[in-house]
Amino acid sequence: MSEGKLTFHGVHHVALICENLERSLEFYQGVLGMEINPDRPDHKLPYRGAWLWIGPEMIHLMELPNPDPADSAKRPEHGGRDRHFCVGMASLDALAEKLDKAGITYTRSMSGRAAIFFRDPDANCLECVELAPWR
């Protein structure tokens, strides 16, 4: 390892602020089918939350006051022009079907790549790209 070089192994988790943990869990578990990581002890934190598996990484939902506008009308219509995180997945068609069934608005990538952007109940933006596993 060269002097001063940092070694990153990947993203461990993404933390998202939510107003109502139950509403967020209904979205992430009920609509997207994510599972809770029971090994993450939320009782040690001074706020309510949950850790959800998203592949080998996690989303940490934190029920805290949100400093950002949670009103989607005050955020860019296309999530690619807002803060977001991106995950790879096997099928965008399956995702679009679930989002349509749940009445969740989404946009496709403006560049033409296989990607969908959508927001959770607290206006956090997720991007999903269709690609083969890379790990």
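Because the structure is a prediction, the values reported are computed rather than measured.

(A) Fine view of the layout of surface pockets. The computed volume of the largest pocket comes to approximately 680 Å³. Residue lining of the largest pocket: 28 residues in total, with I54, G55, V87, G88 and M89 positioned closest to the centre. Sorting the residues of the lining of the largest pocket by element identifies strand 2 (48-54), strand 3 (57-63), strand 4 (84-89), helix 2 (92-102) and strand 7 (125-130) as the ones contributing at least two each. Along the lines of polarity and charge, the residues of the lining of the largest pocket split into 23 nonpolar, 2 polar and 3 charged.

(B) Summary view of the pattern of salt bridges. This structure, assessed with the given rule, holds 8 salt bridges. Here R23 makes a salt bridge to D122, at a shortest N to O gap of 2.8 Å. Taken together, the residues R23 in helix 1 (residues 21-31) and D122 in the loop between strand 6 (115-119) and strand 7 connect sequence positions 99 residues apart. E63 is paired through a salt bridge with R48; the nearest N and O atoms lie 3.0 Å apart. Residue E63 is found in strand 3, and its partner R48 is found in strand 2; the two are separated by 15 residues along the sequence. Classification of R48 by relative accessible area gives partly exposed; the value is 37%. In the salt-bridge network here, residues are joined through shared partners; they are E19, R23 and D122.

What counts, and at which threshold
Residues numbered from 1 in each chain as written. Predicted model: local features only at pLDDT ≥ 70, side-chain atom pairs only at ≥ 80, totals over all residues. Heavy atoms only, no water. 1 Å grid on protein atoms, 1.4 Å probe; cavity = no way out; pocket = protein on both sides within 12 Å on 5 of 7 lines; lining within 4 Å. Points joined across faces, edges and corners; volume = space filled by probe spheres on them. Helix = DSSP H or I, 4+ residues; strand = E, 2+ residues; numbered from the N terminus. Nonpolar A, V, L, I, M, F, W, Y, C, P; charged D, E, K, R; others polar. Salt bridge = Lys/Arg side-chain N within 4 Å of Asp/Glu carboxyl O. Buried < 20%, exposed > 50% of the residue type's maximum accessible area, 1.4 Å probe, protein only.

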